[in-house]
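# Structural description and commentary
Here is what each chain is made of, one letter per residue.
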Protein chains: 2
Amino acid sequence: MVESVALVLQEIFDSEHLVLDALKISLITNNCVPVSHIPACVVYPVNKEQIQKTLILANQSGIGVWVVSRGKNWGYGSKSPHYQGGILMVLEKMNRILEVNETLGYAVIEAGVSYAELNDYLKKIKSRLWIDPTGSTESGSVIGNALDKGRGITPYADHFGHLCGLEVILPTGEILKPDGGADHYQARYSYRWGLGPVLSGLFVQSNLGVVISSGIWLMPKPEKYEFMTFEYTSDSNKFPAFLDTFRELMFKGQMTAFPHIANDYAMLCIVDQHPKKGLALSDLEIQDWRKRHGVSNWTFGCGLYGDRSQVKNQKNKIKKALKPFGVVHYINFFYSQGLFDIYRKKIFSKFAQFFLRKSEAVVETLDWAHQLYQGNPTDFFVKQAYCLQAQKPAGVALADEDECGVIWVGPILPFEGKRIQDFLIEAKDIFKQHQFDFFAEVMPTSPRSVIILMGIFYDKKNPQRTEQALNWFKEFHLFCDQKGYPPYRETLMGLDQLFQENPQYLKTIQKIKTALDPKGIFSKGRTGKTDPNP
Amino acid sequence: MVESVALVLQEIFDSEHLVLDALKISLITNNCVPVSHIPACVVYPVNKEQIQKTLILANQSGIGVWVVSRGKNWGYGSKSPHYQGGILMVLEKMNRILEVNETLGYAVIEAGVSYAELNDYLKKIKSRLWIDPTGSTESGSVIGNALDKGRGITPYADHFGHLCGLEVILPTGEILKPDGGADHYQARYSYRWGLGPVLSGLFVQSNLGVVISSGIWLMPKPEKYEFMTFEYTSDSNKFPAFLDTFRELMFKGQMTAFPHIANDYAMLCIVDQHPKKGLALSDLEIQDWRKRHGVSNWTFGCGLYGDRSQVKNQKNKIKKALKPFGVVHYINFFYSQGLFDIYRKKIFSKFAQFFLRKSEAVVETLDWAHQLYQGNPTDFFVKQAYCLQAQKPAGVALADEDECGVIWVGPILPFEGKRIQDFLIEAKDIFKQHQFDFFAEVMPTSPRSVIILMGIFYDKKNPQRTEQALNWFKEFHLFCDQKGYPPYRETLMGLDQLFQENPQYLKTIQKIKTALDPKGIFSKGRTGKTDPNP
């Protein structure tokens, strides 16, 4: 870090919000993926003026600023910039909840607000509004996740689709409200398209401005909530028909949530530690592991929302549609809040263990899933990232600091059963070749497309496995791309190749980038090779 | 038109698709609003190469190109450019339907495809998919309407929100697929956010590129369709509570369509001719007119969609919720298709006339509304634009050619009953001051906001009334803006003032415009004063 720049930063930030110590910085940028870069310093702005000043300094000095909301996107890149050096800006101290509008169903929050913070606040003020959590950590940024097109699980699962009324600081330090409305525009947080071109899309998965706050639409608590589980027990040749049936349930509004249909490995990593510390399991070993827990090939838990009649109808229709493929359980009774809560749960757990042959850990999962689908975020599921370690942590997950090796790739496919199965079969082969277990979760984004979240857990302390992980990523990523199934978001390792197959798109972004960030100081490389000074 | 430019155009277009005759041009750009500009020529491309060549010619010669899809946005500007001269490009001959995907529920169409064309085609191939029509003309462009953020009426009413997979020709002539996917990207039409920044928003209500085709998501025909009507019969002091109740029905998914809640005048102009040829009616005269037709202060018709149980539940919940405010009728029986169709309708019409005191014309409206909510577009409703003329035309409406004077302003408000009523009261005063009848339709865009479609019909052949119309527009537009309720789309007369109150937004658009259209040849002025050569 140039001395003069450090001096100016010390004027902008007090010592608590500016990290110059190399060891501390390296810990902060510790990462789950096999690639990492170390910035020269880390700043934690608490207000927009500090962000503006930092960006102006960057423009003057030519030193780059890499911005993350909270940087909890484990398996994608976390807080690591795409390059060595420069300023890393983390927005986690910008965590004020600016408004909750009960009538119109939204909150206005800063970019540093986490899922847990928003949920805790809503519970504290006895709001009628529920958040839509992800299956990942409760410490993640609500806005950050949405800006990376993250997905939730309730009817409000499309996180970017529920942002409304962004406030952005452009790389030049100017403040933009990209919805066409002036400050006094009354529907800023309740009408998404504003007047004129819709610029909000420029600020997702990109490096065109710092989103410092936004409205986010929230679901009013429904009159009735129920919880269901599904286990796929049919032959694999019926799997395409199962997916097609699922799609039609969504088209008909009989399935309004967005569950993740998880394969055996994805499920087992949640409830147990890997039996061979991450060395690929044979088919027989996986089968044995499955049996120990009573886990099926494919499983999902899911919330049902609505008035009493709507939920009753959903239950009937889902059961009827999915019964030919497996087992549907409605287990709300055992998990609803009440006086005999603990006893009911205990009885159910025993019942499930003895009669349904589930392990205690699998039954415990239901409790968390039941909570999650009501908008209560939890680290329970993301602790699957620890499955190669001795044990999962008791409290909050810190997958980066704890050096969990994780890489995600989430290709997008049209929602067609046959196509999805064909893809899964080919994909599994690539995992096998690189000696990794096959992790897959089919995540419908609408009745029209699915994201298939696929990934590996690997031992970061083992250089050979880390190299294998990187090789798997390269081959699998290329395979998806060649199939025409690009990922829904990109990891640090994939940024350089972004949009290579859509040169006109690359060129257009480049023109816009040059127009808005002429010195190219902002999150360089975040949007592929589109920077003015590459 | 410069001779050399005309010569090149004659090389690109045959005589059938190039209009140079001044009289013909002036007819083509005939307009419902009080402002109009005459281009030097009109071209009708039939393929993308012609569009590219025209844009390259424009860049070489500096002559501007103003582009409309079909230019049927009556009351906003139709085919008139924002300036005199230049090339007017109309895309109505680009009207191929490229794909209908029954499984995934979408069609891929060119920008010139009209609502009627798409609907006819779907009916012809016995598709399971329904379109979402507007209340306006069936001759309008499906894509054009979506690009101007037009609204429909079924659960798929958010037209821009249902576009997916745009193909754009940039002002420089290059072809852009703004969703980040290359040509072989399989989910282009089924996943909206692609990979990377979402650029599709750049091409709505803007002048950054010609959208030549797009996917549009369509609703699969529901198992059950019902039709309802509502008449507001309470005192006006209960109107805010009615609106709040309506909002909650939407939040709960008990109202899934997007009806237009029309005031008496809006309804009467559909069923009758204006009693005083457009001279403002007194309260007593309006009351008298209302009585003659049995029309209430506020009315809406609406479709209910779903499986049998969903529709039954909607019926119960809507009736229970809205009964305190007026009369809910479910009249599907009389309008469902079948053997005794005509007789049932006739019996119902007589019944409604004698017992419900409705005019025959009002009863006829139901038939069209019942069809409309099933995705069958019609010119029936838009013929209200003819209410000042001797009679409405029998066939297709051609409001421009027939010189119907219409201006629309559609301010966006948060969906709060009290706020909406306060606004309506103040707005009505402005109509009165300018001696126009008060037209208002409350159009929910979600449970969070409404567009209030407001407008006037005026005698275009009367210069004094035309001036009054323009004065009304100016004052009312300013009033909305000052209140913080900007219109959801802009008329020709409002373009110069666009975004004046959001200078940073204007500046950002200007930078992007300069980057993508450096010579400023494309639809100059369409996005306010953001052109590189103003």
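Up top is the structure these notes are about.
A few points on the structure.

What counts and what doesn't
- Residues numbered from 1 in each chain as written.
- Chains lettered and ligands numbered in written order.
- Predicted model: local features only at pLDDT ≥ 70, side-chain atom pairs only at ≥ 80, totals over all residues.
- Heavy atoms only, no water.
- Helix = DSSP H or I, 4+ residues; strand = E, 2+ residues; numbered from the N terminus.
- Rg over C-alpha atoms; globule rule 2.2 N^0.38 Å.
- Buried < 20%, exposed > 50% of the residue type's maximum accessible area, 1.4 Å probe, protein only.
- Contact = heavy atoms within 4.5 Å.
- Areas by Shrake-Rupley, 256 points an atom, 1.4 Å probe, with all protein chains shown as cover.
- Lys, Arg positive; Asp, Glu negative; His and termini not counted.
- Charge placed at Lys NZ, Arg CZ, Asp CG, Glu CD.
- Buried area = accessible area lost by both parts, 1.4 Å probe.
- Salt bridge = Lys/Arg side-chain N within 4 Å of Asp/Glu carboxyl O.
- Polar contact = N/O pair within 3.5 Å; in protein donor to acceptor, adjacent residues only side chain to side chain.
- Nonpolar A, V, L, I, M, F, W, Y, C, P; charged D, E, K, R; others polar.
- Pairing = 2+ DSSP bridges.
- Axes fitted to C-alpha atoms, helices over the stretch in contact; angles between N-to-C directions.
- Least-squares fit on C-alpha atoms with pLDDT ≥ 70 in both.
- Core = buried A, V, L, I, M, F, W, Y, C linked by side-chain atoms within 4.5 Å.
- Expected span 1.5 Å × (residues − 1).
- Phe/Tyr/Trp six-rings, centres within 6.5 Å; stacked < 30°, edge-to-face > 60°.
- Lys NZ or Arg CZ within 6 Å of the ring centre and 35° of its normal.
- Arc of directions from axis to C-beta.
- Parallel < 35°, antiparallel > 145°, perpendicular 65-115°, else oblique.
- Left-handed = near helix turned anticlockwise from the far one by under 90°.

Within chain A one finds 15 helices and 19 strands. Expected size for 534 residues packed as a compact globule is a radius of gyration near 24 Å; at 23 Å, chain A falls within 12% of this value. In terms of overall dimensions, chain A has a C-alpha envelope of 70 × 55 × 45 Å along the principal axes. Classification of the 534 residues of chain A by burial places 66% in the buried group. In chain A, of all internal contacts separated by at least 6 residues, the share reaching a separation of at least 24 is 70%. Accessible surface, chain A as shown: approximately 19,400 Å² in total, 53% of it carbon and sulfur. Side chains of chain A give 60 positive and 56 negative charges; the mean places of these two sets differ by 6 Å.

Now for the interface of chain A and chain B. Counting residues at the interface gives 88 residues for chain A and 88 residues for chain B. When chain A packs against chain B, the two sides together hide about 7,000 Å² of surface, and 59% of this comes from carbon and sulfur. At the surface where chain A touches chain B, the tally comes to eight salt bridges. Inspection of the region where chain A meets chain B yields 52 residue pairs in polar contact (both at pLDDT 80 or more). Mapped onto the side of chain A that touches chain B, the elements with two or more residues apiece are β9 (175–176), α6 (239–251), α9 (308–322), β17 (412–414), α14 (463–483) and α15 (503–516) of chain A. Looking at the side of chain A that touches chain B, the element that brings in the most residues is α15(A), giving nine residues. Taken together, the residues of the side of chain A that touches chain B sort by class into 38 nonpolar, 28 polar and 22 charged.

Attention now goes to the pattern of salt bridges. On inspection of all chains with the given rule, the structure shows 48 salt bridges over all chains. Its salt-bridge partner being B:Arg247, residue B:Asp244 comes within 3.0 Å of it at the nearest N-O pair. You can see B:Asp244 and its partner B:Arg247 sitting in helix α6 (residues 239–251), three residues apart, about one turn around the helix. In this structure B:Asp244 comes out as partly exposed when scored by relative accessible area, which is 25%. Each of A:Arg128, B:Asp244, B:Arg247 and B:Glu248 takes part in a single network of salt bridges with overlapping partners.

Attention now goes to the sheet that holds strand β5 (residues 97–101) of chain B. All names here are of chain B. If you walk across this open sheet you meet the five strands as β5-β6-β10-β8-β9, and the pairing is antiparallel. At either end of the open sheet lies a strand with only one pairing partner, and these are β5 and β9 (175–176). Where strand β8 (residues 163–169) lies against β9, two bridges are found, and the strand directions are antiparallel. Of the residues in β9, the one forming a bridge with isoleucine 169 is isoleucine 175. Its contacts with the sheet put helix α4 (residues 115–124) on β5 and β6 (106–110), and the angle it makes with β5 is roughly 50°.

Attention now goes to the sheet that holds strand β10 (residues 210–217) of chain A. All names here are of chain A. Taken together, the five strands give an open sheet; going across it, the order is β5-β6-β10-β8-β9, and neighbouring strands pair in antiparallel fashion. Edge positions in the sheet fall to β5 (97–101) and β9, since each has one partner strand and no second. Strands in contact with helix α3 (residues 48–61) are β8 (163–169), β9 and β10; relative to β8, the strand with the most contacts, it is inclined by about 50°. Relative to β5, helix α4 (residues 115–124) is tilted by about 50°, and along the sheet it contacts β5 and β6 (106–110).

So, about the environment of B:Phe415. Residues and elements named next belong to chain B. Tracing the chain through its elements places phenylalanine 415 in the loop between β17 (412–414) and α13 (417–433). Residue classification places phenylalanine 415 among the buried positions, given a relative accessible area of 0%. With 35 residues separating them along the chain, phenylalanine 415 and valine 450 place their C-alpha atoms 5.6 Å apart.

A separate point is the relation of the copies chain A and chain B. Least-squares fitting of chain A to chain B yields an RMSD of 0.0 Å, with the superposition described by an axial translation of 0.0 Å and a rotation of 180°. In short, the pair behaves as if placed about a two-fold rotation axis. Residue A:Ile512 of chain A places its C-alpha closer to the rotation axis than any other residue of that unit, at 2.9 Å. Comparing interface residues between copies, 100% of those in chain A also sit at the interface in chain B, which points to an isologous, same-surface contact.

Moving on, we come to unusual backbone geometry. A positive phi is found at A:Gln205, a non-glycine position, where the angle reads about 45°. Within the fold, A:Gln205 resides in the loop between β9 and β10. One non-glycine residue, B:Ser78, adopts positive backbone phi at about 50°. Since its relative accessible area comes to 4%, B:Ser78 is described here as buried.

For soluble globular proteins, nonpolar side chains are generally found buried alongside one another. Residues A:Phe242, A:Phe476, B:Phe242 and B:Phe476 are the most contacted members of the largest nonpolar core, which totals 368 residues. Non-local contacts of B:Phe476, meaning those with residues more than four positions away in its chain, are made with B:Val409, B:Phe423, B:Ala427, B:Ile430, B:Phe431 and B:Met454.

Residues and elements named next belong to chain A. Compared with the 18 Å implied by 1.5 Å per residue over 13 residues, the 19 Å span of α6 between its first and last C-alpha is a close match. Summarising burial for α6: 10 of the 13 residues are buried, a large majority. Considered for burial, the residues of α6 that qualify are Phe239, Pro240, Phe242, Leu243, Phe246, Arg247, Glu248, Leu249, Met250 and Phe251.

What follows deals with the packing of aromatic side chains. Tallied over the full model, the rule gives 68 aromatic pairs over all chains. Look at A:Phe423 and A:Phe476: their rings are 6.4 Å apart centre to centre, the planes differ by 45°, and that puts the pair in the tilted class. Placement of A:Phe423 in helix α13 (residues 417–433) and of A:Phe476 in helix α14 is noted, with a sequence separation of 53 residues between them. Geometrically, the ring pair formed by B:Phe499 and B:Tyr505 is edge-to-face, given 4.8 Å between the ring centres and 70° between the ring planes. Between the NZ or CZ atom of A:Arg192 and the centre of the ring of A:Phe160, over which it lies, the distance is 5.4 Å.

Within the secondary structure, A:Arg192 is located in the loop between β9 and β10. The charged side chain of A:Arg192 is buried without a salt bridge, its nearest counter-charge being A:Asp158 at 6.2 Å. For A:Arg192, the side chain forms a polar contact with the main-chain oxygen of A:Gly161, separated by 3.4 Å. Setting aside residues no more than four positions away along its own chain, A:Arg192 makes contact with A:Phe160, A:Gly161, A:Leu163, A:Cys164, A:Trp217 and B:Trp193.

Looking now at helix α8 (residues 283–293) of chain A. Residue and element names in this part refer to chain A. Those residues of α8 that fall on the buried side of the exposure criterion are Ile286, Trp289, Arg290 and His293. Down the axis of α8, the sector holding all buried residues measures 100°, keeping them to one side. Facing away from the buried side of α8 by more than 90 degrees, the exposed set consists of Leu284 and Lys291. The elements touched by buried residues of α8 are α7 (264–271) and α12 (360–372). Glycine 294 sits one or two residues past α8 and shows a positive phi near 70°.

Residues and elements named next belong to chain A. Of all the seven residues making up β8, seven are buried; the element is thus mostly covered by neighbouring parts of the structure. One ladder, built from five bridges, connects β8 with β10; its direction is antiparallel. Counted as the bridge partner of cysteine 164 is glycine 215 from β10.

Residue and element names in this part refer to chain A. One ladder, built from four bridges, connects β5 with β6; its direction is antiparallel. Residue glutamate 99 lies in a different strand from β6, and its bridge partner there is valine 108. Between the antiparallel neighbours β5 and β6 lie four residues, among them glycine 105 with a positive phi of about 70°.

Each pair of packed helices can be described by the angle between their axes along with the distance between the axes. All names here are of chain A. Contact geometry for helix α1 (residues 3–12) and α3: axes closest at 10 Å, N-to-C directions at 165°. Taken together, α1 and α3 sit at an angle that is classed as roughly antiparallel. By crossing handedness, the relation of α1 to α3 is classed as right-handed. Packed against α1, whose contacting residues are Val5, Val8, Leu9 and Ile12, the element α3 presents Gln50, Lys53, Thr54, Leu57 and Ser61 at the interface.

With that settled, consider the side chain of B:Lys358. Residues and elements named next belong to chain B. Residue position: lysine 358 is located in the loop between α11 (341–355) and α12 (360–372). A residue is classified by how much of its surface remains accessible, and lysine 358, at 13% relative accessible area, is buried. Looking at lysine 358, its side chain comes within polar contact range of the side chain of glutamate 231, at 2.4 Å. Within the structure, lysine 358 has its side chain in polar contact with the backbone oxygen of glycine 294 (distance 2.6 Å).

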